[in-house]
Structure formats: structure tokens, C-alpha cells
Amino acid sequence: MTAEELNWLLQTIKDPASAERFILAQYERGRISFQLMADVARKRGWINRAANQFAITTTRYLTEYAPKEFPIAIA
């Protein structure tokens, strides 16, 4: 499925929650790429940039300090 086809289909879905479920279902079934799903989510405002920034900062902190200070047991 191309971006143009996906945008056309999304115009027919009026409910934002239904559109979000539709996009996720298309990705899970392998009909669209992760990049296309992310692009649509950004354009529609489904991605909370503040939460994303927090996750990036937390991940950076964990990768810098966790291996030295908090050993992780792998089962």
C-alpha cells in the first residue's frame, strides 16, 4: 500500500480512534512499512513529542549508567 492510497483510505474514516486502529492493523498485517505508519502518526498528531523526548533521555541515561551501576541479570 502506498502513502497516497493510505491517505485516501484515511479520508473515509471520520473517527480518529478508528483511523489509528486501522493504521496499526495495516502495519501488523505487513501491508504498510513502519516508516509509513510513523509518518502518518506524526502528521495526525498521534505521537506525543514530549513523551518521546522523555523516552530518548531515559534510554540515553540507562545506556550510559546502567551497565556500570546496575548489573542486569539475563535469564
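Small disclaimer: the values here were computed from a predicted structure and weren't measured.

**Some thoughts on the overall build of the chain**
When helices and strands are counted, the chain shows four helices and zero strands. Along the chain, from the amino end to the carboxyl end, the secondary structure elements read α-α-α-α. Counting all 75 residues of the chain, 17% fall into the buried class. For the chain, contacts bridging at least 24 residues in sequence account for 38% of all contacts bridging at least 6. Entry remark: accessible area of the chain is about 6100 Å², with carbon and sulfur atoms responsible for 59%.

**Observations regarding the nonpolar core**
Core analysis: the biggest nonpolar cluster contains eight residues, these being L6, L10, A19, I23, I32, L36, M37 and V40. No other element matches helix α3 (residues 34–44), which puts three residues into this core.

**Notes on a nonpolar patch on the surface**
Side chains of L24, Y27 and F34 sit close together on the surface and give an oily, nonpolar patch of about 290 Å² of accessible area. As for its placement among the helices and strands, F34 is situated in helix α3. On the accessibility criterion, F34 (51% relative accessible area) is exposed.

**Quick notes on the packing of aromatic side chains**
The final tally for this structure, using the stated rule, is one aromatic pair. Relative to F34, the ring of Y27 lies with its centre 5.9 Å away and its plane at 65°, an arrangement referred to as edge-to-face.

**A few points about the pattern of salt bridges**
Throughout the structure, instances matching the rule amount to one salt bridge. R42 serves as the salt-bridge partner of D39, at 2.8 Å between the closest nitrogen and oxygen. Taken together, the positions of D39 and R42, both in helix α3 and three residues apart, correspond to about one turn of that helix. Using a relative accessible area of 27% as the deciding quantity, one classes D39 as partly exposed.

**Some thoughts on helix α2 (residues 16–28)**
Compared with the 18 Å implied by 1.5 Å per residue over 13 residues, the 18 Å span of α2 between its first and last C-alpha is a close match. Of all the positions in α2, only A19, I23, A25 and Q26 are classed as buried. Seen from one end, α2 has its buried residues packed into an arc of 165°, which puts them on one side. Every exposed residue of α2 that faces more than 90 degrees away from the buried side is listed here: R21 and E28. Check the buried side of α2 and you find it contacts α1 (3–11) and α3. Just downstream of α2 lies G30, where phi reads positive at about 80°.

So, how was this worked out
Residues numbered from 1 in each chain as written. Predicted model: local features only at pLDDT ≥ 70, side-chain atom pairs only at ≥ 80, totals over all residues. Heavy atoms only, no water. Helix = DSSP H or I, 4+ residues; strand = E, 2+ residues; numbered from the N terminus. Buried < 20%, exposed > 50% of the residue type's maximum accessible area, 1.4 Å probe, protein only. Contact = heavy atoms within 4.5 Å. Areas by Shrake-Rupley, 256 points an atom, 1.4 Å probe, with all protein chains shown as cover. Core = buried A, V, L, I, M, F, W, Y, C linked by side-chain atoms within 4.5 Å. Patch = residues over 30% accessible without salt bridge, like charges linked within 9 Å, V, L, I, M, F, W, Y side chains within 5 Å. Salt bridge = Lys/Arg side-chain N within 4 Å of Asp/Glu carboxyl O. Phe/Tyr/Trp six-rings, centres within 6.5 Å; stacked < 30°, edge-to-face > 60°. Expected span 1.5 Å × (residues − 1). Arc of directions from axis to C-beta.

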